[in-house]
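# Chains, contacts and geometry: an overview
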Amino acid sequence: MLRSVDAGINFPHAAQAAQITRKSRPLGTRKWSTATVYIVTSLTPSQGKPGLIGSLIRGHWGIENGLHWRRDVTWREDGSQVRRGNAPRAMASLRIAITILRLEGETNIAKATRVARNYPHRALKLAGLKIN
């Protein structure tokens, strides 16, 4: 349920807030887990009806399940311990590869990553680099 935000919430321009409780379970299991999240929006109650807010939240999950999932699972970004020197910059450059692969029409990023690993000259060509 969306609620109007009283003055004093510590989010500039906040007009509404909501608590969302989600239940989920991995396929093939019977154990459910519950997660509670909170959203804050600058949309007023007349601008941000519950249906619109719901579609915006689902749109966010479309991004999370697309690019972010690939980064987290395929590239194991969340488990990365890269923190020092030039390594974070190098990792950021590698993440651009996901975008390049998607722009080239790849739908299976894990498979495309293996192909790039096995045929580095083709991967460099996609990046616009010439190898002598």
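Below you will find a few notes about this structure. (Residues numbered from 1 in each chain as written. Predicted model: local features only at pLDDT ≥ 70, side-chain atom pairs only at ≥ 80, totals over all residues. Heavy atoms only, no water.)

A count of helical and extended segments in the chain gives 4 helices and 3 strands. Counting from the amino terminus, helix and strand elements in the chain follow one another as β-β-β-α-α-α-α. Every one of the 132 residues in the chain was classed for burial, and the buried ones make up 14%. Put simply, 36% of the contacts in the chain that link residues at least 6 apart link residues at least 24 apart. Accessible surface computed for the chain: about 10,700 Å², of which carbon and sulfur atoms make up 55%. (Helix = DSSP H or I, 4+ residues; strand = E, 2+ residues; numbered from the N terminus. Buried < 20%, exposed > 50% of the residue type's maximum accessible area, 1.4 Å probe, protein only. Contact = heavy atoms within 4.5 Å. Areas by Shrake-Rupley, 256 points an atom, 1.4 Å probe, with all protein chains shown as cover.)

This brings us to the environment of Ala112. Topologically, Ala112 is positioned in helix α3 (residues 109–118). Spatially, the C-alpha atoms of Ala112 and Leu101 are 7.3 Å apart, while their sequence positions differ by 11 residues. If we ignore the near neighbours within four places in the chain, the residues touching Ala112 are Leu101 and Glu106.

Let's shift gears to a nonpolar patch on the surface. A cluster of nonpolar side chains, Ile9, Phe11 and Val40, forms an exposed patch at the surface whose accessible area comes to about 250 Å². Residue position: Ile9 is located in the loop between β1 (2–4) and β2 (16–24). (Patch = residues over 30% accessible without salt bridge, like charges linked within 9 Å, V, L, I, M, F, W, Y side chains within 5 Å. Salt bridge = Lys/Arg side-chain N within 4 Å of Asp/Glu carboxyl O.)

With that out of the way, let us pick up the layout of surface pockets. The probe, sized like a water molecule, is rolled over the atoms to show the empty space still left. In this structure, the second largest pocket encloses a volume near 200 Å³. Lining of the second largest pocket is provided by 12 residues; of these, Leu101, Glu106, Val115, Arg122 and Leu126 occupy positions nearest its centre. Listed by contribution, the elements that provide at least two residues to the lining of the second largest pocket are α3 and α4 (120–126). In terms of residue class, the lining of the second largest pocket is built from 7 nonpolar, no polar and 5 charged. (1 Å grid on protein atoms, 1.4 Å probe; cavity = no way out; pocket = protein on both sides within 12 Å on 5 of 7 lines; lining within 4 Å. Points joined across faces, edges and corners; volume = space filled by probe spheres on them. Nonpolar A, V, L, I, M, F, W, Y, C, P; charged D, E, K, R; others polar.)

Another point: unusual backbone geometry. The phi angle at His13 is positive, at roughly 70°, despite the residue not being glycine. You can see His13 is positioned in the loop between β1 and β2. Among the residues examined, His13 registers a relative accessible area of 71% and is labelled exposed.

By secondary structure assignment, the location of Gln16 is in strand β2. The exposure class assigned to Gln16 is buried, which follows from its relative accessible area of 3%.

The tally for this structure, following the rule as stated, stands at 0 aromatic pairs. Geometry around Trp32 places Lys23 over its ring, the cationic atom sitting 5.3 Å from the centre. (Phe/Tyr/Trp six-rings, centres within 6.5 Å; stacked < 30°, edge-to-face > 60°. Lys NZ or Arg CZ within 6 Å of the ring centre and 35° of its normal.)

Closest axis-to-axis distance for the helix α2 (residues 87–103)/α3 pair is 11 Å, and the angle between their directions is 105°. When the interaxial angle is binned, α2 and α3 end up roughly perpendicular. Contacts from Ile98, Leu101 and Arg102 in α2 reach Ile109, Ala112 and Thr113 in α3. Across the contact of α2 with α3, the residue classes tally to 4 nonpolar, 1 polar and 1 charged. (Axes fitted to C-alpha atoms, helices over the stretch in contact; angles between N-to-C directions. Parallel < 35°, antiparallel > 145°, perpendicular 65-115°, else oblique.)

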